[in-house]
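Each chain, letter by letter, is given below.
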Amino acid sequence: MSVEEIWVAINSDQDIVSARQKGRLMATELGFSTGDATLIATAISELARNIVSYARRGQITLKTVNGLNRQGISVIATDDGPGIPDVRQALRDGFSTSGSLGLGLPGVRRLMDEFEITSQPGRGTIVAVKKWRQ
Amino acid sequence: MEVPILKQGAVLIATFQAALSDADLNQLRMGLVQQVVKFRSRAVIVDVTAMDVMDSFASRTLREIAHMIRLRGAETVIVGIQPEVAFAMVQLGLTLEGVATALDLEEGLAYLNEKFKTTN
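Numbering of residues begins from 1 in every chain and follows the order in which that chain's sequence is written. Here chains are named by letter from A upward and ligands by number from 1 upward, in the order in which they appear as written. Thresholds applied to this predicted model are a pLDDT of at least 70 for local features of residues and 80 or more for the giving and counting of side-chain atom pairs; totals over whole chains, interfaces and linings are not thresholded and use all residues.

Undergrad: Now, about the overall build of chain A: what can you tell me, with residues and values included?
TA: Secondary structure counts use DSSP, requiring at least four H or I residues in a row for a helix and at least two E residues in a row for a strand, with both numbered from the N terminus. What chain A contains, in helices and strands, is four helices and five strands. The order of α-helices and β-strands along chain A, N terminus first, is β-α-α-β-β-α-α-β-β. Counts of 20 or more other C-beta atoms within 10 Å of a residue's own C-beta define buried residues, counts of 12 or fewer define exposed ones, and intermediate counts define partly exposed ones; C-beta atoms are placed from the backbone. Counting over 134 residues, chain A shows a buried share of 39%. Any residue pair is listed as a contact if its two C-beta atoms, each placed from the backbone, are within 7 Å. Within chain A, contacts between residues separated by at least 24 positions form 62% of all contacts whose residues are at least 6 apart in sequence.

So this is what it looks like as structure tokens:
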């Protein structure tokens with residue numbers, strides 16, 4: 001099975017669009033339904049938006065992942081921005097420090113099947129999410 | 001990216017494209033409100049049929065457009081939200097509370113006609 005990996009540099013709002021388009025394309029190629037591809041593209045849009053709003057620049061990595069008898073897509077958002085001082089608080093609905101809707105992270109968690117976040121104040125944030133094909 | 005805005009009597013119809021960046025959406029918000037003023041429009045229909053992703057920024061911008069236009073004394077109807085987009089919006093926790101929505105352009109126009117009839 002081929003392992004595909006795509007990196008998208010996130011430096012501007014235009015890159016948000018390009019990241020989610022690439023994600024949708026990869027999800028469709030992997031055989032995800034249109035509905036699931038939309039969920040994945042929306043999650044990528046929110047993750048890329050977090051990078052632009054909080055860290056200014058970063059990267060989105062899209063990868064195909066193979067589990068036991070299943071295939072999925074992994075999306076990793078990486079930045080070396082200010083980091084999140086209180087990750088637990090950031091995962092609560094309605095929390096935001098940039099005046100946005102504050103739905104970003106908990107929303108992304110609901111859109112995807114797996115969600116992992118590592119953040120160090122002053123060092124950056126890594127959000128890794130996965131969705132498995134039904 | 002240019003968004004075509006069509007003037008049909010007292011109604012403006014804006015058709016949003018698939019790949020709108022935040023800058024495009026911001027520009028649209030201003031552009032639409034200016035057009036409403038210029039043409040003394042009574043209503044705006046925003047057709048989002050082509051939009052394949054509606055994230056937090058896009059839905060906030062739509063809400064802001066609707067609220068600004070309401071302050072102008074006109075009405076906004078969002079039409080054409082695709083089923084899978086609606087599903088993703090609900091999962092994400094996005095709502096368009098206080099904003100009228102309709103199935104498609106035709107339904108949106110019918111809704112406005114009905115509304116204008118009762119207010120006249």
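Resuming the write-up.
Undergrad: Outline the packing of helix α1 (residues 13-29) of chain A against helix α2 (residues 34-55) of chain A, supporting the account with residue identities and numerical values.
TA: All names here are of chain A. In this analysis, axes come from line fits to C-alpha atoms, helices being fitted only over the stretch in contact, and the angle between any two N-to-C directions falls in the range 0 to 180 degrees. With their axes 8 Å apart at the nearest point, α1 and α2 run at an angle of 150 degrees to one another. For the element pair α1 / α2, the angle class is roughly antiparallel. Relative to α2, the crossing made by α1 is right-handed. Residues Asp-13, Asp-15, Ile-16, Ala-19, Arg-20, Gly-23, Arg-24, Ala-27 and Thr-28 of α1 form the contact with α2, whose participating residues are Asp-36, Ala-37, Ile-40, Ala-41, Ile-44, Ser-45, Ala-48, Arg-49 and Val-52. Basically, the charged four are Asp, Glu, Lys and Arg, the nonpolar ten are Ala, Val, Leu, Ile, Met, Phe, Trp, Tyr, Cys and Pro, and anything else, Gly included, counts as polar. The class makeup of the residues in the contact of α1 with α2 is nine nonpolar, three polar and six charged. When an angle is under 35 degrees it counts as roughly parallel; over 145 it counts as roughly antiparallel; between 65 and 115 it counts as roughly perpendicular; any other value is oblique. By the definition used in this description, the sense in which the near helix is turned from the far one sets the handedness, with an anticlockwise turn below a right angle giving left-handed and a clockwise turn giving right-handed.

Undergrad: Tell me what's going on with the pairing of strand β2 (residues 58-67) of chain A, and back it up with residues and numbers.
TA: All names here are of chain A. The sheet contact formed by strand β1 (residues 5-10) and β2 spans six bridges and is antiparallel. The partner of Ile-6 across the bridge, within β2, is Leu-62. Examined bridge by bridge, β2 and strand β3 (residues 70-79) share ten bridges and lie antiparallel to one another. Bridge pairing links Thr-64 to Ile-73 in β3. Where β2 folds back on β3, the antiparallel hairpin that results is connected by two residues, among which Asn-69 adopts a positive phi of roughly 55 degrees. The rule for pairing is simple: two strands pair if DSSP sees at least two bridges between them.

Undergrad: Kindly report on the sheet that holds strand β5 (residues 100-102) of chain B, identifying the contributing residues and their values.
TA: All names here are of chain B. On the basis of which strands lie adjacent, the open sheet formed by five strands has the order β1-β2-β3-β4-β5 and mixed pairing. Two strands close off the open sheet at either side, each with one partner strand: β1 (5-8) and β5. Taken pair by pair, the neighbouring strands of this sheet meet at an average axis angle of 25 degrees, ignoring direction. Two elements, strand β3 (residues 43-47) and strand β4 (residues 75-79), share five bridges in a ladder whose sense is parallel.

Undergrad: Help me get a handle on the interface of chain A and chain B, residues and values and all.
TA: Listed per partner, the contact involves 23 residues of chain A and 18 residues of chain B. Of all the secondary-structure elements, those providing two or more residues to the side of chain A that touches chain B are α1, α2 and α4 (104-111) of chain A. A total of nine residues in the side of chain A that touches chain B trace back to one element, the largest contributor, which is α2(A). A breakdown of the residues in the side of chain A that touches chain B according to their chemical character gives seven nonpolar, ten polar and six charged.

Undergrad: Mind laying out helix α2 (residues 56-71) of chain B, listing which residues take part and the relevant values?
TA: Spanning 16 residues, α2(B) covers 23 Å between terminal C-alpha atoms, matching the ideal 22 Å at 1.5 Å per step. B:Ser56, B:Phe57, B:Ala58, B:Ser59, B:Leu62, B:Ile65, B:Ala66 and B:Ile69 are the residues of α2(B) that are buried. At its buried positions, α2(B) is contacted by α2 and α4 of chain A together with α1 (22-39), β3, β4 and α3 (83-92) of chain B. Positive backbone phi, approximately 90 degrees, marks B:Gly73, located one or two places after α2(B). The length a helix should cover is 1.5 Å for every residue beyond the first.

Undergrad: Before we move on, can you summarise the sheet that holds strand β4 (residues 114-120) of chain A with the specific residues and values?
TA: All names here are of chain A. Pairing in this open sheet of five strands is antiparallel, and the strands run β1-β2-β3-β5-β4 from one edge to the other. Whereas interior strands pair on both sides, the edge strands pair on one side only; in this sheet they are β1 and β4. Sheet twist, expressed as the average angle between the axes of neighbouring strands with direction ignored, equals 15 degrees. Contacting β1, β2, β3 and β5 (124-132), α2 runs over the sheet at an angle of about 15 degrees to β3.

Undergrad: Please set out the nonpolar core residue by residue, giving values where relevant.
TA: Nonpolar side chains in soluble globular proteins tend to end up buried together. By convention in this section, buried Ala, Val, Leu, Ile, Met, Phe, Trp, Tyr and Cys residues joined through C-beta atoms within 7 Å make up a nonpolar core. Core analysis: the biggest nonpolar cluster contains 62 residues, and A:Ala43, A:Leu47, A:Ala48 and A:Ile60 have the highest contact counts within it. Broken down by element, this core gets its largest block of residues, ten residues, from α2(A).

By themselves, these are just geometric observations and shouldn't be taken as functional.
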